[in-house]
Amino acid sequence: VYKSDKTAKNLESHFESYYKAHGYAAVKVRAYRSGNPVYSPEAIRVPFNIVIEEGRSYKIGTIQLSPKIPYKLAEMEKTMKPRSQYSPESEYIQALSAKIQAKYKASGYLDCVVTVHTDLDDAAGVANYTLDSDPGPVYHLAYLKFENTSDETRTLLMKYWQMVPGDPYDESYVNKFILQAPSWDRELSHALSGMKASYDAQADTEKHEVTLVIRLEKQ
C-alpha cells in the first residue's frame, strides 16, 4: 500500500536488507517516484525507480554483542546452526539478530528492537558486526481466557497453565502450551482430541499489558 511518507524508505530498507544478507554490507539504495500514478479499475499504481550501488562483497569478520545485551554470544550460537551452513553466510547475522530478539520477547520485551552496526575493513574484505538492543518496557499478562470449551476441560487446562496474570508475557510459552498440552494428561488428551487451538493476544502499549484468549474449535 502506497504511503507518501513511508513507501520510499520501506523500499530502500527492503532492498538494503536483501543485499546485506548476500554480503554487500556497504550497499546504498535510493528509491524515488518516477512518474504519475497509473489508474486502473483494480488499483492506483504509483511507479518508483530503485537505484542500487551494491559495492563490494564482504565476508563476516568479528561478531560481538553490546554490553547492554544481557546474553552471551556463545549461548546464542549454541541454539543456531553452524555458521558454515548459512548461504550466503551473512544470513547468519540476521538469524542471530532474530534469536536475540526472540530471547528478549520471551521475557516480556515485546517492543524490543535489535540493531546491527557494521564496521567495514576494506583491506581485509571483511565486515565486523556489533549487535545492540533497545528492549523497551516489559509487558505483563493481564488476563487469560479459554473459549469454546467445557468447564471441565477449562479446569484441566488451567491446572497445567503456568503463566499467571502479572507474569512477564512470553508468547513462545503460549505456542508450546498449545502443542504440548495433550501429552500431559490422558483426560485432557481425550478432551482436546479433534480440536484445533488458536489464540488472540492484544497488547496495550500504554499499560504494557497483554490480554490473551485461547480458542478451541473442532477441526
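This section reports on the structure supplied with the text. The structure presented is a predicted model; accordingly, all values stated were derived computationally and were not measured.

Procedures and definitions
- Residues numbered from 1 in each chain as written.
- Predicted model: local features only at pLDDT ≥ 70, side-chain atom pairs only at ≥ 80, totals over all residues.
- Heavy atoms only, no water.
- Helix = DSSP H or I, 4+ residues; strand = E, 2+ residues; numbered from the N terminus.
- Rg over C-alpha atoms; globule rule 2.2 N^0.38 Å.
- Buried < 20%, exposed > 50% of the residue type's maximum accessible area, 1.4 Å probe, protein only.
- Contact = heavy atoms within 4.5 Å.
- Lys, Arg positive; Asp, Glu negative; His and termini not counted.
- Charge placed at Lys NZ, Arg CZ, Asp CG, Glu CD.
- Phe/Tyr/Trp six-rings, centres within 6.5 Å; stacked < 30°, edge-to-face > 60°.
- Salt bridge = Lys/Arg side-chain N within 4 Å of Asp/Glu carboxyl O.

1. So, the overall build of the protein chain
- What the protein chain contains, in helices and strands, is six helices and 10 strands.
- On C-alpha atoms alone, the protein chain measures out to a radius of gyration of 23 Å, which is more than a quarter above the 17 Å that the 2.2 N^0.38 rule sets for 219 residues.
- For the protein chain, the C-alpha atoms occupy an extent of roughly 65 × 55 × 35 Å along the three principal directions.
- Burial statistics for the protein chain: of 219 residues in total, 28% are counted as buried.
- Long-range pairs, those at least 24 residues apart, make up 57% of the contacts in the protein chain between residues at least 6 apart in sequence.
- Charged side chains of the protein chain number 27 positive and 29 negative; the gap between the two group centres comes to 3 Å.

2. Regarding the packing of aromatic side chains
- If you walk through the whole model with that rule in mind, you get 12 aromatic pairs.
- Taken together, a centroid distance of 4.8 Å and an interplanar angle of 75° make the contact between Trp161 and Phe177 edge-to-face. Within this pair, whereas Trp161 is found in the loop between α4 (151–160) and α5 (171–180), its partner Phe177 is found in helix α5, the two being separated by 16 residues in sequence. The same class applies to Trp161 and to Phe177, which are both buried.

3. Section: the pattern of salt bridges
- A full pass over the atoms with the stated rule returns four salt bridges.
- Taking the shortest distance from any N to any O, the salt bridge between Glu147 and Lys145 comes out at 3.7 Å.
- A salt bridge links Arg154 to Asp151; the shortest N-O distance between them is 2.8 Å. A residue pair is termed a helical-turn pair when its members lie 3 or 4 positions apart in one helix, as Arg154 and Asp151 do in helix α4 at three residues.
- Judged by its relative accessible area of 27%, Arg154 is partly exposed.
- Through salt bridges with shared partners, a single ionic network connects Lys145, Glu147 and Arg215.

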